[in-house]
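Given next are the chains, with one letter for each unit.
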Amino acid sequence: MTKNITNGMRQSILFTKTRKEAPADEVSKNAEFLVRGGFVHKEMAGVYSYLPLGLRVLKKIENIIREEMDKAGGQEVLLSSFQPKENWEKTGRWESMDDLYKVSDSSGRVVALGPTHEEIIVPILKNYISSHKDFLAEKPLAIYQIQNKFRMELRAKSGMLRGREFIMKDMYSFHTSKEDFENFYEKMKDVYKTIFKRVGIGHLTYLTFASGGTFSKYSHEFQTISSAGEDTIYVDEASGNALNKEVLTDEVLGQLGLAKEKLVEQKAIEVGNIFDLKTKYSKPFDLSFTDAKGEKHVVLMGCYGIGLSRLMGTVVEVLSDDKGIIWPESIAPFAVHLLVLGEDEAVLKEADKIYESLQKSGVEVLFDDRLGMSPGEKFADSDLLGIPMRAVVSPRSIKEGGIEIKKRNEEKGKVVSLDELQKICLKKSIN
Ligand code: ATP
Ligand code: MG
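Residues numbered from 1 in each chain as written. Chains lettered and ligands numbered in written order. Predicted model: local features only at pLDDT ≥ 70, side-chain atom pairs only at ≥ 80, totals over all residues. Heavy atoms only, no water.

(A) Spotlight on the sheet that holds strand E5 (residues 82-84). The strand order across the open sheet built from three strands is E5-E7-E6, with neighbouring strands paired in antiparallel fashion. Two strands in the sheet have a free side with no partner beyond their single neighbour: E5 and strand E6 (101-104). The mean inter-strand angle of the sheet, taken between neighbouring strand axes irrespective of direction, is 45°. The pairing of E6 with strand E7 (residues 110-113) spans four bridges and is antiparallel. Bridging across to E7, Val103 finds its partner in Val111. (Pairing = 2+ DSSP bridges. Helix = DSSP H or I, 4+ residues; strand = E, 2+ residues; numbered from the N terminus. Axes fitted to C-alpha atoms, helices over the stretch in contact; angles between N-to-C directions.)

(B) Examining the site of ligand 1 more closely. Every one of the 13 residues lining ligand 1 counts as a neighbour, but Arg151, Glu153, Gly163, Glu270 and Asn273 are closest to it. With respect to ligand 1, the side chain of Arg162 contributes an N or O atom lying 2.9 Å from an oxygen atom. Contact between ligand 1 and Gly163: a nitrogen atom at 2.8 Å from a main-chain N or O atom of the residue. Protein contact buries 80% of the 580 Å² of open area that ligand 1 shows by itself. Among the secondary structure elements, those contributing two or more residues to the shell around ligand 1 are strand E9 (165-175) and strand E14 (264-278). Looking at the shell around ligand 1 element by element, the count peaks at four residues for E14. (Near = heavy atom within 4 Å. Polar contact = N/O pair within 3.5 Å; in protein donor to acceptor, adjacent residues only side chain to side chain. Areas by Shrake-Rupley, 256 points an atom, 1.4 Å probe, with all protein chains shown as cover.)

(C) Up close: the pairing of strand E21 (residues 365-368). Burial along E21 is two-sided: Val365 and Phe367 facing one way and Leu366 and Asp368 facing the other are all buried. Across three bridges, the pairing between strand E1 (residues 8-10) and E21 is parallel. What sits directly across from Gly8, in E21, is Val365. Bridge analysis of strand E20 (residues 336-340) against E21 gives four bridges, and the strand direction is parallel. Of the residues in E21, the one forming a bridge with Leu339 is Asp368. Remark: the E20/helix H9 (residues 345-360)/E21 crossover connection has right-handed handedness. (Buried < 20%, exposed > 50% of the residue type's maximum accessible area, 1.4 Å probe, protein only. Right-handed = clockwise from strand over helix to strand, strands pointing away.)

(D) Focus on the sheet that holds E1. Taken in spatial order, the six strands make up an open sheet running E1-E21-E20-E22-E23-E24, and their pairing is mixed. Strands at the two margins of the open sheet, each flanked by one partner only, are E1 and strand E24 (414-416). For this sheet, the mean inter-axis angle between neighbouring strands, taken without regard to orientation, is 25°.

This is the structure in C-alpha cells:
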C-alpha cells in the first residue's frame with residue numbers, strides 16, 4: 001500500500017493535459033492550479049476526482065501521515081461509509097448534525113453517509129473491550145482510518161479546502177483514566193507538528209487553542225496562515241502558539257498566560273484538530289470496562305483529525321506563485337521534471353538515456369518528451385506543475401556539457417552532468 005509509486009512517467013503518455021484557463025466557476029487558487037495542472041478533476045462543487053499527478057501527491061501525504069500514526073502506536077482500519085441510522089439516533093446526531101447526508105434506497109431504508117466515524121468505531125470496540133485488562137499500560141489504544149467522508153457543506157467554494165466528499169485521517173483513542181488520555185493528547189500535539197513539518201508547511205502552521213464552546217484545555221486546532229483561510233486566529237510569535245478568535249476572552253488569555261497586545265491577527269486554514277471527547281460517544285453505546293475491583297467505568301476518548309485533501313489544497317495556497325504550484329520535495333508528484341527541447345535526434349536520444357538512468361537510480365522523474373511544443377510552452381507547463389527541480393536537455397545544454405537544472409523556486413539555473421544530477425537527487429532522498 002505504501003511503496004506503490006513508480007519512478008518514471010512520460011508526459012507523452014500521460015492522459016491528462018494542462019489547461020491555460022481555469023474552469024469559469026472555480027474561484028479558489030488551489031482548485032484553479034490543481035485543475036489546470038490536471039492533478040484533479042472537478043465533478044461538482046466540493047467534489048473532485050484524483051488524476052495520476054494528484055493521486056501521487058495524495059499518496060505521499062497519506063504515507064507521511066500513516067508513518068507518523070503507526071509510530072504513535074495507531075492501528076489502521078478502514079470503516080464503512082454507509083452507517084446505520086440507529087447508531088446516529090443513539091448519539092442524537094441523526095437530528096442534530098446539519099451536514100449529515102441521509103441516503104435512502106427503494107425499500108425505504110435510510111442510512112447515513114459517514115461524515116465522521118465515532119458512531120461506527122465505538123460499537124466495534126464494544127465487541128472487544130470490557131475489562132481494564134483489555135488496555136495495555138505500555139501501549140495506547142488508538143485506532144485510525146484514512147478515507148472519504150461526506151458532509152453537506154453549503155459553502156463549497158474553496159476548492160479542496162472544503163469538500164462535500166473529502167479525504168480525512170481520523171484517529172480515536174481510548175483510555176481508562178484522565179491521566180492516560182492527557183499523556184496521549186500531549187504526545188499527539190508533537191506528532192501533528194511533525195506531520196505538518198514533513199508535509200512542508202510547518203513554518204506556517206500554529207498549534208491553536210480552540211475552546212469548542214466551553215473552556216477545555218483539550219481542544220486544539222492546527223492552523224496554517226493563509227489569506228484563503230476561513231478562520232481568524234491570534235498568533236503569539238514568541239511562543240509559536242495561537243488562539244482562535246472565538247476564544248479570545250480575558251479569562252482564556254489569563255489562563256494561557258498571553259498578553260492581548262502581543263497577538264497578531266491572521267487568516268488561517270484549519271488543517272487538523274485534536275480534542276477531548278470525554279464520554280460523549282462511549283456513554284451512549286455503553287463502552288465501558290471493569291477495574292481491578294470489579295467496578296464499572298465508562299471509557300474516555302480523544303479524537304485527532306487531519307484533512308488530507310484540505311492539506312493538499314493548503315499547500316497549493318501557501319506554496320505557489322503566479323505561474324503555478326511550488327511543491328515541497330516531500331509530497332511533490334516527482335522529484336525532477338526532465339524537459340527535452342527541440343527535435344534533434346541526438347538530443348532526443350540523450351534525453352531518453354538520462355530519463356532511463358534517473359529512474360534506475362531511484363529518482364522519481366516526469367519526462368516531458370512531447371514533440372511539437374515550443375520551449376516556452378514546456379517551461380510554462382513545468383512552472384504550473386511545480387515539480388521542485390527542472391532539468392532541461394537541449395542542443396545548448398549538451399554543448400555546455402550536460403543538463404541545465406533549476407529549482408522551481410529559483411530564478412537561475414546551472415549546467416551539471418548526469419552524475420552530478422543523480423548525486424543531488426539521491427542526497428535529497430536520503431535526507
Ligand atoms: P471546519 O470547521 O473547517 O468545518 P470541522 O471542525 O468540521 O472543520 P472536523 O470534523 O474536526 O472538522 O474534521 C477534522 C479535519 O478534517 C479538519 O481539521 C479539516 O482538516 C478536515 N475537514 C473538515 N471538514 C472538511 C471538508 N468539508 N473538506 C475538507 N476537509 C475537511
Ligand atoms: Mg465542519
